[in-house]
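Below are the chains, spelled out letter by letter.
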Amino acid sequence: MGNKSAGIRWASLARVTATTIILVTVLFSLSPAGDYKPEEIVCKMQPGYGIDLVNNTYGTTVKGFVYQTGCYLLATQYGQDAESLAVLIGELESVQYCGANYYLDTPESMQRSQAFLDYYGTGEYETQLAATDLALSDVYTITEGTGVKVAVIDGGVNLGHPEFGTGSGGVYSGWDFVDEDDLANDEPGGIGSGHGTFVAGITRLVAPGCDIYSYRVLDTLGRGDGYAVTKALLMAIEAGCKVVNLSLGMTGRHDALDDALKFAESQDVTVVTSAGNDATETDILFPFPGHKASCLTIAAVDSLKAKADFSNFGLKVDVCAPGTRVYSPYLDTSYAWWDGTSFAAPFVTGLAALIYSVHPSASDDEVSGIIHQTAIDIDSLNPGLEGKLGSGLIDPLAAIELASGLPRGDLDDDGLLSAVDLAILIDVVYWGQPIQIPPADRADLSCDGLPDAVDLAILIDIVFFGRALTVCP
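Residues numbered from 1 in each chain as written. Predicted model: local features only at pLDDT ≥ 70, side-chain atom pairs only at ≥ 80, totals over all residues. Heavy atoms only, no water.

Q: Teacher, can you tell me more about the pattern of salt bridges here?
A: It is possible for side chains of opposite charge to pair when their charged atoms get near one another. Summed over the entire model, instances satisfying the criterion amount to 13 salt bridges. Here R216 ties to D179 by a salt bridge, and the two come within 3.0 Å at their closest N and O atoms. Here R216, found in strand β8 (residues 211–216), pairs with D179, found in the loop between β7 (171–176) and α7 (195–206); they are 37 residues apart in sequence, far enough to count as distant. Judged by its relative accessible area of 3%, R216 is buried. Via salt bridges that share partners, R253, D255, D258, K262 and K292 belong to a single interconnected network. (Salt bridge = Lys/Arg side-chain N within 4 Å of Asp/Glu carboxyl O. Helix = DSSP H or I, 4+ residues; strand = E, 2+ residues; numbered from the N terminus. Buried < 20%, exposed > 50% of the residue type's maximum accessible area, 1.4 Å probe, protein only.)

Here it is in structure tokens:
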């Protein structure tokens, strides 16, 4: 009986092993970067060499050019395999890089995740759980992100949605790279439809005063080519966008987009991208550009601050944001609930816009540093994932306070800790006076959640004896 059981176990193990080998073989037999656009390649020449050298040798023709990075989009001859030709051209000493024009997809379209429409109007946009957990109403007392331009590079935005007619910020059309026109609207009819609108809605929820610019690079299936994303990114930078949301990705790398991301970094533009929905930390499966150090890569957590079951994780992740049961504008005049790292990313995109609004001269590194420094460590809530969720869950209020230079204890909003603040705090602690300058936790210097005599003693030490203020986590 024991031998028979052992035999069954070994047979099962053999079948599993064989299946694993087959799957691995199939995976590695595929293109390392996935599908690509037929008869198109992207190439960049070494300094001192012209593109004619390639065209005259291989029969390619120039189809596009981005002057910011010097990258060409070339059309190949009919029937030529773009990837094979690109490898051949890339071996030339005169060529810096050459690759196929690979496709990128939204994580949700890859997993065929769908939004749940709010047919009965039961959802609450501004007071949804994610908004209250992040204390966005307190953030608005300091800033709403007014004056900061944000690019949503996605499947377009439903520009006519009534939600985008509220608030102080506008929603504008940049360019539609799918239809090649100036109306970057979200089109219905596919699994990727509504994705860009949803992302824009979350960005607006966090930073209602920012100006959102829509660049449509993905079709209704949630797919677009990397050169279009490259053009959109560079166009957004040229238009003055300080923050860019890229809730899309691919395996491998797209050379032209990689170049554009380096350019964005050099221009102090903050690029936020999604970590992906494959529930993996494996490098080979981690999406580009999510694994780029020049991007802020965002994992998703649920309402309990636990990693969402679908979210990627690992050392590539910078911070986490809500990514389950998120409620946002959708197609037509509707709203929907949706899960995904695509929707965790715009929470951070909006936060970056808020930071730039109170600290306009901040560099990209400073913005990223503020987001990291103020994030809440959630390792204890995620046993087994310690160190694999970046710096933790974003804390918008702490980030804005740090960026704006408004210290805790500054109860008269003059940027200084003085005897005036001391007098106000005495009224608060002993006479029950309300805090006149919100948020209320500005009076909590001991970081225990309450304004009390301990906070009063700390403020006395700061004002009269030069004690350093402790920044609450």
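Having seen it, we continue.
Q: Help me understand the state of the cysteines in this model?
A: In the structure shown here, the tally under the stated rule is 1 disulfide. Paired through a disulfide, C43 and C98 show a sulfur-sulfur distance of 2.2 Å. Here C98 lies in strand β4 (residues 95–105) and C43 lies in strand β1 (residues 36–45), a separation of 55 residues in the sequence. By relative accessible area, C43 is classed as buried at 0%. The thiol of C295 is not disulfide-bonded; the next cysteine sulfur, from C241, is found 15 Å away. (Disulfide = S-S within 2.5 Å.)

Q: Hey, could you run me through the packing of aromatic side chains in this one?
A: Under the definition given, this model contains 10 aromatic pairs. On the basis of an interplanar angle of 55 degrees and a centroid distance of 6.1 Å, the ring pair of Y125 and Y335 is categorised as tilted. On the criterion of sequence distance, the pair formed by Y125 in the loop between β5 (116–117) and α5 (129–133) and Y335 in strand β15 (residues 335–338) is long-range, its members being 210 residues apart. Relative to Y335, the ring of Y327 has its centre 5.6 Å away and its plane inclined at 10 degrees; by these criteria the two rings are stacked. Among the residues examined, Y327 registers a relative accessible area of 4% and is labelled buried. Each residue in the set Y125, Y327, Y335 and W337 is aromatic and connected to the rest through ring pairs, giving one cluster. The ring of W337 has R325 sitting right over it, with the charged end atom 4.3 Å from the ring centre. (Phe/Tyr/Trp six-rings, centres within 6.5 Å; stacked < 30°, edge-to-face > 60°. Lys NZ or Arg CZ within 6 Å of the ring centre and 35° of its normal.)

Function cannot be inferred from these measures alone, as they are strictly geometric.
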